[in-house]
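Single-letter residue listing:
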Amino acid sequence: MQTYLLSQQFSTGCLAENSTACPTNATICYGTSCVLPEDNFNQTLSVVLSTVLTVMLALVMFSMGCNVELLKFWAHIKRPWGIFVGFLCQFGIMPLAAFLLSLAFNVLPIQAVVVMIMGCCPGGTASNVVAYWVDGDMDLSISMTTCSTLLAMGMMPLCLFIYTKMWTDSNAIVLPYDSIGTSLVALVVPVSVGMFVNYKWPSKAKIILKVGSIAGALLIVIIAVVGGILYRGSWIISPKLWIIGTIFPAAGYSLGFILARIAGLSWNRCRTVSLETGMQNTQLCSTIVQLSFSPEQLELMFTFPLIYSIFQLLFALLILAGYRVYRRHRVKTETDVEKTEEKEDSKSVSSHAKINGGFVSNETK
């Protein structure tokens, strides 16, 4: 988080008044909620970790690309029904859900705006990793993430213009097109290389995919922990934002799955659309918030992207655990059915042998 200067209205008087609750170096203070300046250690840590995480993310997306087949990927582009359903979920359901949640909980205008920004963000790359673990359609997952990031350059300003007019001037929200472009390049280039490796050396691609999927799962956890370390300011915020941060990702997962099923997509594609809908690009949301609002406003809203990130990860883990339990139960049930059928076949063969004087044909052995 950037280092902010004290405004006159939040000068030493405020800090002295709340000295029991806030550190002496707090730059903004409301009761027990403070925003701390970023020290040199945090600045260094932020630069080092952002570099390391960017490289790791590129490697993970490269490994995810190793599971994408060019012909299947191109088939999604030529017949983009699944992508279109994902588009409706990403830029139709999520902004509308954000708008309704903000109205239902009657949050402050500035807080409603950050909820709307989160709802208008494109899907995050973490969805590709989780989609792999729940046996989703990786070709659809990668194409949806790529298309939503590309379309976000036009759909984000449009959705924010439509939904935020009652709270703020949409022109006050700064969209970092360079960050969106960087996210797009960081997604497309590694995935394209991975697709080429899968085409040329499919056996090696499988090994890379297994290693990358594990690294991707670890990366998701690391990003959540790092976010908690670097963005430790203003943790005590309105309970309404905590509730919205819990409901919002759950609604995204559920509504995305339901709409995909109504659209007639297969079960694995429904899981994919669900994850692409609920898992948002929270890093992009944080960047937009920091660029658009003053320190005083940030104090009321800055933590929401991190709250959403935590709960979208928790719900994704619940989905993964539920799917794994279901798959294990299904495999076990299918195995029991096969064993029962084998026993019945052996009994029928045995009775047939007795009737025919012990003769068993070669076909039944």
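Residues numbered from 1 in each chain as written. Predicted model: local features only at pLDDT ≥ 70, side-chain atom pairs only at ≥ 80, totals over all residues. Heavy atoms only, no water.

Novice: Report on the overall build of the protein chain, specifying residues and quantitative values.
Specialist: A count of helices and strands for the protein chain gives 14 helices and 2 strands. Of the contacts formed within the protein chain by residues at least 6 apart in sequence, a portion of 80% connects residues at least 24 apart. For the protein chain, the accessible area works out to roughly 18600 Å², and carbon and sulfur atoms hold 66% of it. (Helix = DSSP H or I, 4+ residues; strand = E, 2+ residues; numbered from the N terminus. Contact = heavy atoms within 4.5 Å. Areas by Shrake-Rupley, 256 points an atom, 1.4 Å probe, with all protein chains shown as cover.)

Novice: So what's going on with the layout of surface pockets? Which residues, and what values?
Specialist: A volume near 170 Å³ is recorded for the second largest pocket. Lining the second largest pocket, in full, are A250, Y253, S254, F257, I258, R271, S274, L275, F315 and I319. Looking at the lining of the second largest pocket, the element that brings in the most residues is helix α10 (residues 239–262), giving 5 residues. Of the residues belonging to the lining of the second largest pocket, the class tally is 7 nonpolar, 2 polar and 1 charged. (1 Å grid on protein atoms, 1.4 Å probe; cavity = no way out; pocket = protein on both sides within 12 Å on 5 of 7 lines; lining within 4 Å. Points joined across faces, edges and corners; volume = space filled by probe spheres on them. Nonpolar A, V, L, I, M, F, W, Y, C, P; charged D, E, K, R; others polar.)

Novice: Tell me about the UniProt feature "transmembrane region" (unreviewed entry) in the protein chain, and name the residues and values.
Specialist: What UniProt calls "transmembrane region" (unreviewed entry) maps, in this numbering, to residues 45–63, 83–105, 112–134, 140–163, 184–201, 207–229, 241–263 and 300–323. With 74% helix and 0% strand, residues 112–134 has end C-alpha atoms that lie 33 Å from one another. For residues 241–263, helix accounts for 96% and strand for 0%, while the C-alpha atoms at its two ends are 32 Å apart. (UniProt positions renumbered as here; feature names shortened; annotations may be inferred.)

Novice: Please provide a residue-by-residue account of helix α5 (residues 109–120), values included.
Specialist: Taking 1.5 Å per residue, 12 residues should reach 16 Å; α5 reaches 16 Å between its end C-alpha atoms and fits that length. Within α5, 11 of the 12 residues are buried, which leaves the element mostly enclosed by the surrounding structure. Listed in full, the buried residues belonging to α5 are I110, Q111, A112, V113, V114, V115, M116, I117, M118, G119 and C120. (Expected span 1.5 Å × (residues − 1). Buried < 20%, exposed > 50% of the residue type's maximum accessible area, 1.4 Å probe, protein only.)

Novice: Quick rundown of the packing of α5 against helix α7 (residues 138–163)? Include the residues and the values.
Specialist: Interhelical geometry of α5 versus α7 gives an angle of 145° and a closest axis separation of 10 Å. The two elements α5 and α7 cross, and the hand of that crossing is right-handed. Between α5, through M116, I117 and C120, and α7, the contact on the second element is made entirely by M156, C159, L160 and Y163. Residue classes in the contact of α5 with α7 are distributed as 7 nonpolar, no polar and no charged. (Axes fitted to C-alpha atoms, helices over the stretch in contact; angles between N-to-C directions. Left-handed = near helix turned anticlockwise from the far one by under 90°.)

Novice: Help me get a handle on the nonpolar core, residues and values and all.
Specialist: Counting residues in each nonpolar core, the largest one holds 43 residues, and the members touching the most others are I117, M156, F248, V289 and F293. Where this core is concerned, the elements lending two or more residues are α4 (81–105), α5, α7, α10, α12 (282–292), α13 (295–301) and α14 (304–355). Tallying contributions element by element places α5 first for this core, with 9 residues. With residues up to four places along the chain from it excluded, the contact list for I117 reads M156, L160, I173, C285, I288, V289 and F293. One finds M195, L209, L219 and M279 within the second-largest nonpolar core, a separate group that totals 24 residues. (Core = buried A, V, L, I, M, F, W, Y, C linked by side-chain atoms within 4.5 Å.)

Novice: Before we move on, can you summarise the pattern of salt bridges with the specific residues and values?
Specialist: Using the criterion set out here, one finds 3 salt bridges in the structure. Across the pair R327 and D135 runs a salt bridge whose closest N-O atoms are separated by 2.7 Å. One end of the pair, R327, is in helix α14; the other, D135, is in the loop between α6 (126–133) and α7, with 192 residues separating them in the sequence. You can call D135 partly exposed: its relative accessible area is 29%. Here D137 ties to R269 by a salt bridge, and the two come within 2.9 Å at their closest N and O atoms. Of this pair, D137 sits in the loop between α6 and α7 while R269 is found in helix α11 (residues 267–278), placing the two residues 132 residues apart along the sequence. (Salt bridge = Lys/Arg side-chain N within 4 Å of Asp/Glu carboxyl O.)

Novice: Describe unusual backbone geometry, and please don't skip the residues or the numbers.
Specialist: Its identity is not glycine, yet N106 carries a phi of approximately 50°, on the positive side. Summarising the element assignment, N106 is placed in the loop between α4 and α5. One non-glycine residue with positive phi stands out, namely D135, at about 60°.

Novice: Hey, could you go over the packing of aromatic side chains for me, with residue numbers and the actual values?
Specialist: For the coordinates displayed, the defined rule picks out 9 aromatic pairs. Aromatic side chains F99 and Y163 sit 5.4 Å apart centroid to centroid with 50° between the ring planes, which places their arrangement in the tilted category. Taken together, the residues F99 in helix α4 and Y163 in helix α7 connect sequence positions 64 residues apart. For Y163, a relative accessible area of 18% gives the class buried. Following the ring pairs from residue to residue traces out a cluster consisting of F99, Y163 and W167. The lysine or arginine in question, K165, covers the ring of F161, its NZ or CZ lying 5.2 Å from the ring centre. (Phe/Tyr/Trp six-rings, centres within 6.5 Å; stacked < 30°, edge-to-face > 60°. Lys NZ or Arg CZ within 6 Å of the ring centre and 35° of its normal.)

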